[in-house]
Amino acid sequence: MGLELLVASAIGILTAAGMYLVLRLRTFPVIMGISLLTYAVNVFLFASGRLTVSAPPILTDATTYADPLPQALVLTAIVISFGMTAVVVMIALGAYLGANDDEVNDPVTDPDDAVEKAT
Amino acid sequence: MMHWIIAPVVLPAILAPFIVLAARYHFGIQRVVSVAGVVAMIAIAAGLAWQASDGTIMLYQLGDWAAPFGIVVVGDRLSTLMVLLTAVLALFVLLYAIGSKWDERGWHFHALFQFQLMGIMGAFLTGDLFNLFVFFEVLLIASYGLMIHAGGNVRLRAGVQYVLFNLIGSTLFLFALGAIYAQTGTLNMADLAQRVALIDPADTVGIRVAAVLLLMVFAIKAALVPLHFWLPSSYAEAPAPVAALFAIMTKVGAYAIIRVYTLIFSPDAAATSGLFDVWLLPAALVSLAVGMMGVLAAKKLDRLVAFSVIGSMGMVMVALSMFTPASISAALYYIIHSTFAAAALFLISDLVRSGRANLKLTAMAPISGAALTSGMFFVAAIAMTGLPPLSGFLGKLMILQAGFDTNMATWIWAVILCSSLISIVGFARAGSTLFWKAKSIEPDEETVPEPAPAALSYVAIGGLLTLLVAHTIFAGAAYSYAERTAAQLFAPLPYVSTVLDTPGKLSTPSKETY
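The paragraphs below set out a description of the structure included in this document. (Residues numbered from 1 in each chain as written. Chains lettered and ligands numbered in written order. Predicted model: local features only at pLDDT ≥ 70, side-chain atom pairs only at ≥ 80, totals over all residues.)

What follows concerns the overall build of chain A. Regarding its fold elements, chain A presents four helices and zero strands. Mapped from its N terminus to its C terminus, chain A presents α and β elements in the order α-α-α-α. Among the 119 residues that make up chain A, the fraction classed as buried is 26%. Contacts in chain A between residues at least 24 apart in sequence constitute 49% of all its contacts with a sequence separation of at least 6. (Helix = DSSP H or I, 4+ residues; strand = E, 2+ residues; numbered from the N terminus. Buried ≥ 20, exposed ≤ 12 C-beta atoms within 10 Å, placed from the backbone. Contact = placed C-beta atoms within 7 Å.)

Set out below in structure tokens:
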């Protein structure tokens, strides 16, 4: 019972912190928040096959075993989220270095208007 | 076992690395390989659609492992129809990208394009929820690259928003999958269909949460209000051919809703009752209204088209949320129509853009080739707003007819008809400002007029408009096929038995493993 409580509250805290950061205005905290959310979902996926202690993850003659499928799913999810995070870091960095501004929202002034004022 | 059904996934997966590795610096070879690949894909997709048209359900077990343990690819009427639609759209988009030289403005356009097709085809063909997630990620990561193709600060910022929104969507998708697996112990769609039906009605908390989470994920993909905020900026700032290809991406969300909520959560299941008529239908009506008001309020042509995509997806979702065979058939007819209409409008807005400083809806000197461009805009706008005689009108009529017997009929009719009127005003105002008022402005003598767009660009848009006309002329045949597709969807037993009863390795699992 203690194990379930620990894992469940870890997922909860990670999700809550992730949600808070995702709602920030600048890209860096938002990316951090998404990373925390993906950690939370990875642990959640892992726990979806039930938590078992010291049981083999294969179907043998043993009466208790750990479900191997969520472990495979988690591996896939980890790889995908890692790749996606790398992509978003690169794009966000490009946007920040290009515009010298890392706000997530659209700028208040339309870039086409700014060009007209400059000319 | 027939291997052709995996070809729409495998073919682009081979072509894309070939383009990157062997033809990196040769745009000519890239173009030839890319177009040849898409033409071959149309042939394969047409073959598959023809095979599925008699109601056959095609099954492909990867590595000969039997479902639910192995990965399966399934082709029925709906998925082969969507594959064919994607392949045809891809050809015209590709022709435009070549004609307008968009593919030369950055690296790896053709490779990313093929990967994007691979993801979309896989999402339509897979018979497994986790693979649906994986193919979503494949199409998304390719779309991230395409979205920021050719770079620029504005586009990069829009790209960041697009990627962040979709990453949150993917995380939600994983939460939903975890909840489903925890409840049922499987992620194969056919297996899920059986097991969800077996869940004790008193103990449906987990599966209800999963059903709502999944619906939210697909609603993000389909840009349903209030989950649509990613769409206007990213579609408006994406390169035009990419935005035109993205016209099918919102339909992937609609497809996933149709597939999951006919097969896994059957329409009359107690666990998901109220999900559609209480929640989805009002949201769909609001997105129809918001989209069409956005058309009227937009200050730039690309935003206008992006909001018309939200509006037309709202129309599709109104039809879907009624969830009767008639309304699903109407939705399928409208999906085909709105894909071609939205793609044509995005490409036309790029033609306008190539002759002007920006796309703001103010009068400027006439663009080169204005006569033909404005004619095409006229036809595409008629199709998108749903005026007679084109297919948008017929599709809207089918949706109105399907909504006549429901108890929300007043709302459905009122919102659809009013929003149509608003969108007509929006498109008429945009067209007359861009093309008509331009005649009153003297061109600046110092500026050299832009050369007229390439003939290939016009061929691509003309092809899309021709398909819309054909979709109108053969509306009877198209609608009866959509009806047969819907009938197959509402009788999922052959699908389930084909997937689960086809022998393969491990086909007789011992029952006590669960």
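Next up on the list: the overall build of chain B. Within chain B one finds 20 helices and two strands. Relative to the 2.2 N^0.38 estimate, which gives 24 Å for 514 residues, the radius of gyration of chain B is 23 Å and therefore close to what a compact globule would have. Each principal axis of the C-alpha distribution contributes one length, and for chain B these read about 85 × 60 × 40 Å. Out of the 514 residues in chain B, the part that is buried amounts to 58%. If you take every contact in chain B between residues at least 6 apart in sequence, the share linking residues at least 24 apart comes to 80%. (Rg over C-alpha atoms; globule rule 2.2 N^0.38 Å.)

Before going further, it helps to examine the pairing of strand β2 (residues 72-75) of chain B. Each regular strand shows side chains that alternate between the opposite faces of the sheet. Residue and element names in this part refer to chain B. Side chains of β2 alternate between two faces, with V72 and V74 and V73 and G75 buried alike. As paired elements, strand β1 (residues 58-61) and β2 share four bridges and run antiparallel to each other. Opposite Y60, over in β2, you have V73 as the bridge partner. (Pairing = 2+ DSSP bridges.)

Let us now look at the interface of chain B and chain A. Counting residues at the interface gives 27 residues for chain B and 30 residues for chain A. Mapped onto the side of chain B that touches chain A, the elements with two or more residues apiece are α5 (129-147) and α6 (153-184) of chain B. Here the side of chain B that touches chain A is composed, by residue class, of 16 nonpolar, eight polar and three charged. (Nonpolar A, V, L, I, M, F, W, Y, C, P; charged D, E, K, R; others polar.)

What follows deals with the nonpolar core. All names here are of chain B. Residues L89, V318, A319, A343, A344, L347 and A380 are the most contacted members of the largest nonpolar core, which totals 226 residues. Among the elements that line this core, the one with the most residues is helix α14 (residues 325-353), at 19 residues. Look past the residues within four positions of A343 in its chain and what remains in contact with it is L89, V93, A244, A247 and L464. (Core = buried A, V, L, I, M, F, W, Y, C linked by C-beta atoms within 7 Å.)

With that settled, consider α14 of chain B. With 29 residues, α14 of chain B should reach 42 Å at 1.5 Å per residue; the first-to-last C-alpha distance of 42 Å fits that figure. The buried fraction of α14 of chain B amounts to 26 of the 29 residues, a majority that puts the element mostly inside the structure. (Expected span 1.5 Å × (residues − 1).)

In this section: helix α13 (residues 301-322) of chain B. All names here are of chain B. Compared with the 32 Å implied by 1.5 Å per residue over 22 residues, the 32 Å span of α13 between its first and last C-alpha is a close match. Buried residues dominate α13, accounting for 22 of its 22 residues. Just past α13, the residue F323 takes up positive phi, approximately 55 degrees.

The next thing to look at is the environment of T373 of chain B. Residue and element names in this part refer to chain B. Note on placement: T373 falls in helix α15 (residues 370-385). Under the C-beta neighbour-count criterion, T373 is labelled buried, with 25 such atoms within 10 Å. The spatial distance from the C-alpha of T373 to the C-alpha of I461 is 9.6 Å, given a sequence separation of 88 residues. Residues in contact with T373, not counting those within four places in the same chain, are I348, L351, V352 and I367.

Time to look at the packing of helix α16 (residues 391-403) of chain B against helix α17 (residues 409-436) of chain B. In a pair of packed helices, the angle between the axes and the distance between the axes together describe the arrangement. All names here are of chain B. Orientation of α16 relative to α17, taken along the N-to-C sense of each, is 160 degrees, at an axis distance of 9 Å. When the interaxial angle is binned, α16 and α17 end up roughly antiparallel. In the crossing of α16 with α17, the sense of the turn from one axis to the other is left-handed. On α17, the residues touching K396, I399, L400 and G403 of α16 are A409, I412, W413, I416 and S420. (Axes fitted to C-alpha atoms, helices over the stretch in contact; angles between N-to-C directions. Parallel < 35°, antiparallel > 145°, perpendicular 65-115°, else oblique. Left-handed = near helix turned anticlockwise from the far one by under 90°.)

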